[in-house]
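# Per-entry structural report
Each chain is listed here by its residues.
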Amino acid sequence: FTQRLSRAPPPLPVTVSWLNIVINDVFQLMRPVVQKVVTQMVIPKVLEKVPEKLRGIEIDPCELGSVPPRLGQIATEVRERHTRRGPSKNLHITTDLEWNSDLDVGIKGAMGLIKLGLKSVKFTARIHVQLMNFLNRPPFFSGVSVYMTNPLEFDIDWTGALDVLDLDVIESMIHKEVNKAMSKVLVLPARIGVPIDKKDGAMSLFNFKRPAPVGLLKLKINRVSGLRGDDFAFSTLWTGKRTSDPYVFTEFGGRQWRTSTRNGSKGDASWEEEQHFFFVDEPSDQLFRITVFDDDQVSGDDPLAKLKNVDILQLLGLPSGDGHLLENPHVSRQALRMEQAWTYRAAGYHRGFAQEAPEESSSGLISSMKHAVHVAGEKVTQVWNNKTGASKEEIAKLVTEIELEAEWRPFELNTAVARAEGPISEDMPCCVLYVGVYGAVDLPHPSDDPEYDKNTSYWARVTCLPCLGGDGKPVTELTGEDESPARQRTSNMKKPKGKKTASSGAGVVTDIDKKEDLERKIATLIKHNVPSNEIADVLGIKATDVDHFLSQGSAPAVSHVDIPWEMAFLFLMTSPRGAKLTIEVMRNKDETIGTFAFDAQQLLDCPMLTFDKKNLPLVGDHPACGISVRLQLLTCTSGA
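Parameters and conventions
Every chain begins its residue count from 1, and numbering advances along the sequence as written. It should be noted that, the model being predicted, local features are given only for residues of pLDDT at least 70 and side-chain atom pairs only at 80 or more, the latter also being counted only at that level, while totals for whole chains, interfaces and linings use all residues. Each side-chain value is worked out from all heavy atoms of the structure, with water and hydrogens disregarded. Strands are runs of DSSP state E lasting at least 2 residues, helices are runs of H or I lasting at least 4, and numbering of each runs from the N terminus. For the exposure calls, accessible area comes from a 1.4 Å probe over protein chains only, and a residue counts as buried if that area is under 20% of its type's maximum, exposed if over 50%, partly exposed in between. The contact criterion used throughout is that any non-hydrogen atoms of two residues lie within 4.5 Å. Residue burial considers only the protein chains on display, and all accessible areas are found by Shrake-Rupley using a 1.4 Å probe. We treat two strands as partners when DSSP finds at least two bridges between them. The axes used here are C-alpha line fits, helices contributing only the stretch in contact, and every angle between their N-to-C directions lies in the interval 0 to 180 degrees. We define a salt bridge as a contact between a side-chain nitrogen of Lys or Arg and a carboxyl oxygen of Asp or Glu at a distance within 4 Å. In this analysis, a patch consists of residues with relative accessible area above 30% that form no salt bridge, clustered at 9 Å for like charges and at 5 Å for the nonpolar side chains Val, Leu, Ile, Met, Phe, Trp and Tyr. Only four residue types enter the charge count, namely Lys and Arg as positive and Asp and Glu as negative; His and the chain termini do not. Here the site of a charge means NZ on Lys, CZ on Arg, CG on Asp, or CD on Glu. The pairing test for Phe, Tyr and Trp rings, Trp by its six-membered ring, is centres within 6.5 Å, and the orientation test on the planes gives stacked under 30 degrees, edge-to-face over 60, and tilted for anything in between. Known as pLDDT, the predictor's confidence for each residue is given on a scale from 0 to 100. For this analysis, a polar contact is any N or O atom pair within 3.5 Å, provided that within protein one partner can donate a hydrogen and the other can accept it, and provided that sequence-adjacent residues contribute only side-chain to side-chain pairs.

### Section: the overall build of the chain
For the chain, the count of helices and strands is 13 helices and 28 strands. A buried classification covers 44% of the 640 residues belonging to the chain. For the chain, restricting intrachain contacts to residue pairs at least 6 apart in sequence, the fraction spanning at least 24 positions comes to 71%. As displayed, the chain has an accessible area near 33,100 Å², and 54% of this comes from carbon and sulfur atoms.

### A closer look at the sheet that holds strand S26 (residues 591-599)
In spatial order, the strands read S22-S19-S25-S26; together these 4 strands make up an open sheet with antiparallel pairing. One side of each edge strand has no neighbouring strand; the edge strands of this open sheet are strand S22 (487-489) and S26. Across the sheet, the mean angle from the axis of one strand to that of its neighbour is 20°, orientation sign disregarded. Pairing between strand S19 (residues 458-465) and strand S25 (residues 580-587): 8 bridges, direction antiparallel. Following the sheet pairing, Cys464 is matched in S25 by Leu581.

### Regarding the environment of Cys636
Checked against the element boundaries, Cys636 lands in strand S28 (residues 626-636). Each C-alpha atom, one on Cys636 and one on Ala418, is 8.8 Å from the other, the two residues being 218 residues apart in sequence.

### Notes on the pattern of salt bridges
Scanning all chains against the criterion turns up 21 salt bridges. Across the pair Asp281 and Arg210 runs a salt bridge whose closest N-O atoms are separated by 3.3 Å. Of this pair, Asp281 sits in the loop between strand S13 (275-280) and strand S14 (287-294) while Arg210 sits in the loop between helix H4 (206-209) and strand S9 (215-225), and the two are 71 residues apart along the sequence. Across this residue pair, the class does not change: Asp281 and Arg210 are buried. We note a salt bridge from Arg587 to Glu591, for which the minimum N-O separation is 2.5 Å. Under the relative-accessibility criterion, Arg587 is labelled buried at 8%. Each member of the salt-bridge network shares a partner with another, and the members are Glu77, Arg79 and Asp285.

### Here's the deal with a negative patch on the surface
Taken together, the side chains of Glu58, Asp60, Glu63, Asp102 and Asp104 make up a negatively charged region of the molecular surface. Per element, the largest residue contribution to the negative patch is 3 residues, and it comes from strand S1 (residues 58-63).

### With respect to the packing of aromatic side chains
For the coordinates displayed, the defined rule picks out 11 aromatic pairs. Residues Trp99 and Phe123 carry aromatic rings whose centres are separated by 5.7 Å and whose planes lie at 15° to one another, so their mutual orientation is stacked. Of this pair, Trp99 sits in strand S3 (residues 86-100) while Phe123 sits in strand S5 (residues 115-134); the two residues are 24 residues apart in sequence, bridging distant segments of the chain. Ring geometry for Phe249 versus Phe293: centroids 6.3 Å apart, planes at 70°, classification edge-to-face. Of this pair, Phe249 sits in strand S10 (residues 246-252) while Phe293 sits in strand S14; the two residues are 44 residues apart in sequence, bridging distant segments of the chain. Members of the aromatic cluster, each reached through a chain of ring pairs, are Phe27, Trp99 and Phe123.

### Digging into the confidence of the model for the chain
Here the chain averages 78 in pLDDT, and 72% of its residues register 70 or above. Contacts of residues 162-166 to residues separated by more than four positions or lying in other chains number 15 contacts, the stretch itself having pLDDT below 50. Within the model, pLDDT remains below 50 along residues 383-390, and this stretch shows 22 contacts once partners closer than five positions in the same chain are excluded.

### Focus: the pairing of S14
Across a regular strand the side chains alternate sides, sitting on one face of the sheet and then on the other. Taking burial as the measure, the 8 residues of S14 include 7 buried ones, the bulk of the element. By the bridge criterion, 7 bridges tie S14 to strand S15 (residues 302-311) in an arrangement that is antiparallel. Residue pairing for S15: Phe288 is matched across the bridge by Val310.

### What to know about the side chain of Asn133
Summarising the element assignment, Asn133 is placed in strand S5. According to the relative accessible area criterion, Asn133 is buried, its value standing at 16%. Discounting chain neighbours no more than four positions away, the residues touching Asn133 are Ser88, Lys89, Asn90, Phe140, Phe141, Ser142 and Met203.

### Some points on the environment of Glu407
Within the element layout of this structure, Glu407 appears in strand S17 (residues 400-412). With a relative accessible area of 9%, Glu407 lands in the buried category. Expressed as a C-alpha distance, the spacing of Glu407 and Leu219, which sit 188 residues apart in the sequence, is 6.8 Å. A distance of 3.2 Å separates the side chain of Glu407 from the side chain of Arg409, its partner in a polar contact.

Structure, rendered in structure tokens:
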């Protein structure tokens, strides 16, 4: 790899073609390793998770292919973002990553009755890279942030499938699981952020890892019309009438919203009482995807219509391309035409009914089963088309429209709005509480025990009551221990292997940390028979300090650990008054180490409605423990 790179040095300026050469070399270098990991580790884990009725399947072969991912054209622009320090200029880089793979994956079921394969998969993703906050000194910008605004898009080329398999449903399941995993890491609001400027007074790491959203969008689905019937019952054979059980599924980056199901719809459905609030992080980039599904618990939910890649300006009925319009509130009600679903299942033109005849070479029980399925499919298709009288052309003429309302409110740090007694409008929240948890310090932990390190994890539970749910309804109490709009949690973290501390980016090292580090060094030098006076000279301490350590007659008492969660949470509110924030630091499943409590209305007296403190003491049995937080009150713009 090094030799190839030396033969193709980077041009100045760096070109996309050169980057693709490097990506190809890295892919070919890593492919054997990745292939081994997938076949020996990933696939066995996947097979352990499949439902009981699919436990007999095998995945063979499983080859990743030789075609590498490729970058598309790279676009750059300078963007400005307002922070509590003032305007911040960022260099925004966008590129499309595409992988048109030639992988070969085979899936076999029990007795060979189910055989299908993945001949190729095409992945497409738009990657955004931000070099944030220009500086007039090295390193010239404060940090880097990388994210995707929407989940992966991919197409699957199936081969060798048994006739009765519904591959649309299978693809939908694959999309859902893959994007669920991606959304936790790289799809907004998740992002990868790295602070680079470590000087005193540098920007908070949350500006890179989880910046505060720039606005709030309320979306209300009023009605969908022109839906085709997708449910087939025996009565359909003589009445010719079909229905569907539609619901609307909305995706906005890693956030999702599903309406309730309207059973027995004959083409129209209404949801006027349902709404949802979406936090908007990057209004210039983020897109909505709205899909109407037919709820089917037997064969899986089938798509009826879709509205893809709709930006916020379009939802608000504003001209495209002018992001400055979002600096002010907007309200819109409109009907948008949806694209019909991919297949003509309602007219019987779906491959799940009439299929190709089985091969002549088939014999025995399997051949008879395939032939029976083929004949039955032909009969059902013939009766279906004759009785419904619906042709492919007629289905194509259906016009599906979705009627929706959208209301946009940009965020600001407005003390007057925060102090208001009520919401800024009848059904719009007043503000949002931003809770950033840097981490906890000096948590009790017997760190000399490797087995304890392996089995012990730390996490924090963040609760705010009262608050509002995603639908705008008040949440005044908790039900059970599960997560809810009022209760969220950090990830589980074990003791860091390195000396990574819970910090604001520059690092927070406590007196206990320094004492433990010094004791480790003294113990190491004593172990190697270094005299006391030389230990004092090497470590720059007094000889009496070494003597004091020796008088203890024991190894260093290392019993504390720092946990850097570096996660943020959002809570909708009608008012900060009366709202109480509680952060419980937990060990393992249910052991509480300490608690931090804060009244949200205290932020009204903080500069820029922001409270950013390190090593705040926890209340509990371990008073030496501390927590570092960043709290901020974001207010919805009230002016029209």
